[in-house]
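# Observations on chain architecture
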Amino acid sequence: MEYKEALSKEYVHPTTGLLNRYFLLDKGNDFLKKLNTLLVLDVRNLTKYNELFGYEFVDELLRVIAKILKRFFYNKESFPPLALGFLECGRFWILKKVENPTEENLKKLANRLIKILTEKPLCVDENFPILISVNIGIAVYPNHGKNIRELLRKAEFALDISKQQGENTFLIFNEKSTFFNNSNCVAIVNDGTGNRKA
């Protein structure tokens, strides 16, 4: 999906060429009736890569990932319309239409996305292909939020919990404070003291 507003530099992330956080927060509410699912994807170990290989390597890695995501999501035969962007610190966002956003359908989408990014080394440098790992947090409109800020907050919260579960996992936010990942169902409940426990 193309947006005329995104032609403005303020809406474009300079390294990846994708839409940025500002666009998502400024324009995201306009698309929620058509694009009902927000995924936030985190690329792990970028700080370590930066220390080992330098920021230019990391920038190129982000560009490579951006290209893969474009190929994956902008397949009109496979996926409905969407908006794709970059938040910061190795986090990408995908706002897309899922016709029937059941737990099973979201799991299939997340697993396909993880597989395409992690099953083979990425050619960032001809002499040094790199195998990455990722995590994904998912929130669905209007179940998990009435506006884009709520959805982003809950998707990022699910993402942070996913990272605690290990590499290449995802979590779907649940309004009853229950999260489901691609290996096991993990129930996180409020114990009445303001703390959450499994």
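A count of helices and strands for the protein gives five helices and eleven strands. The buried share of the protein, reckoned over its 198 residues, is 48%. Across the protein, contacts joining residues at least 24 apart in sequence account for 62% of those joining residues at least 6 apart. In the form shown here, the protein has an accessible surface area of approximately 10,700 Å², with 47% of it arising from carbon and sulfur atoms.

This brings us to the side chain of N20. When you line up the elements, N20 lands in the segment before α1 (21-27). Its relative accessible area of 13% is what places N20 among the buried residues. From its side chain, N20 meets the backbone nitrogen of Y22 in a polar contact 3.2 Å long. Sequence-distant contacts of N20, that is, excluding residues within four places in its chain, are made with E10, Y11, V12, H13, F86 and W93.

Cis geometry marks the peptide bond from Y141 to P142; its omega dihedral reads -5°. Here N45, not a glycine, exhibits a phi torsion of approximately 70°, which is positive. Structurally, N45 is set in the loop between β1 (37-43) and α2 (46-53). Even without glycine at this site, N168 takes up a positive phi of about 55°. According to the relative accessible area criterion, N168 is partly exposed, its value standing at 24%.

Among the seven residues of strand β6 (residues 134-140), seven are classified as buried, and the element is accordingly described as predominantly covered. Across the two faces of β6 the burial is the same, with V134, I136, I138 and V140 and N135, G137 and A139 all buried. Pairing geometry for β1 and β6, over seven bridges, is antiparallel. Residue V40 lies in a different strand from β6, and its bridge partner there is G137. In the sheet, β6 pairs with strand β7 (residues 169-172) via four bridges, with the strands oriented parallel. When the bridges of β7 are listed, G137 appears paired with L171. Running through helix α5 (residues 148-165), the crossover from β6 to the neighbouring parallel element β7 is left-handed.

So, about the confidence of the model for the protein. Looking at the protein as a whole, the pLDDT averages 85, with 82% of positions reaching at least 70. Contacts for the low-pLDDT stretch residues 183-198, under 50 throughout, to residues beyond four places or in other chains number 24 contacts.

To continue, consider the packing of aromatic side chains. Following the criterion strictly, the structure yields nine aromatic pairs and no others. Where F53 meets F128, the ring centres are 4.9 Å apart and the plane angle is 50°; that geometry is what we call tilted. With a gap of 75 residues between them, F53 in helix α2 and F128 in strand β5 (residues 128-130) connect regions that are remote in the sequence. Owing to a relative accessible area of 38%, F128 belongs among the partly exposed residues under this scheme. A centroid spacing of 4.8 Å and a plane angle of 85° characterise the contact between F72 and F73, whose relative ring orientation is edge-to-face. Per residue, the accessibility class of F72 equals that of F73, and both read buried. Aromatic ring contacts, followed pair by pair, group Y11, Y22, F23 and F31 into a single cluster.

Take the pattern of salt bridges next. Scanning the model with the defined rule gives nine salt bridges in all. Note that K163 is salt-bridged to D42, the shortest N-O span being 3.3 Å. With K163 in helix α5 and D42 in strand β1, the pair connects residues that are 121 residues apart, well separated along the chain. Residue classification places K163 among the partly exposed residues on the basis of a relative accessible area of 31%. Of the residues examined, D42 reaches a relative accessible area of 4% and is grouped as buried.

Calculation criteria
Residues numbered from 1 in each chain as written. Predicted model: local features only at pLDDT ≥ 70, side-chain atom pairs only at ≥ 80, totals over all residues. Heavy atoms only, no water. Helix = DSSP H or I, 4+ residues; strand = E, 2+ residues; numbered from the N terminus. Buried < 20%, exposed > 50% of the residue type's maximum accessible area, 1.4 Å probe, protein only. Contact = heavy atoms within 4.5 Å. Areas by Shrake-Rupley, 256 points an atom, 1.4 Å probe, with all protein chains shown as cover. Polar contact = N/O pair within 3.5 Å; in protein donor to acceptor, adjacent residues only side chain to side chain. Pairing = 2+ DSSP bridges. Right-handed = clockwise from strand over helix to strand, strands pointing away. pLDDT = per-residue confidence, 0-100. Phe/Tyr/Trp six-rings, centres within 6.5 Å; stacked < 30°, edge-to-face > 60°. Salt bridge = Lys/Arg side-chain N within 4 Å of Asp/Glu carboxyl O.

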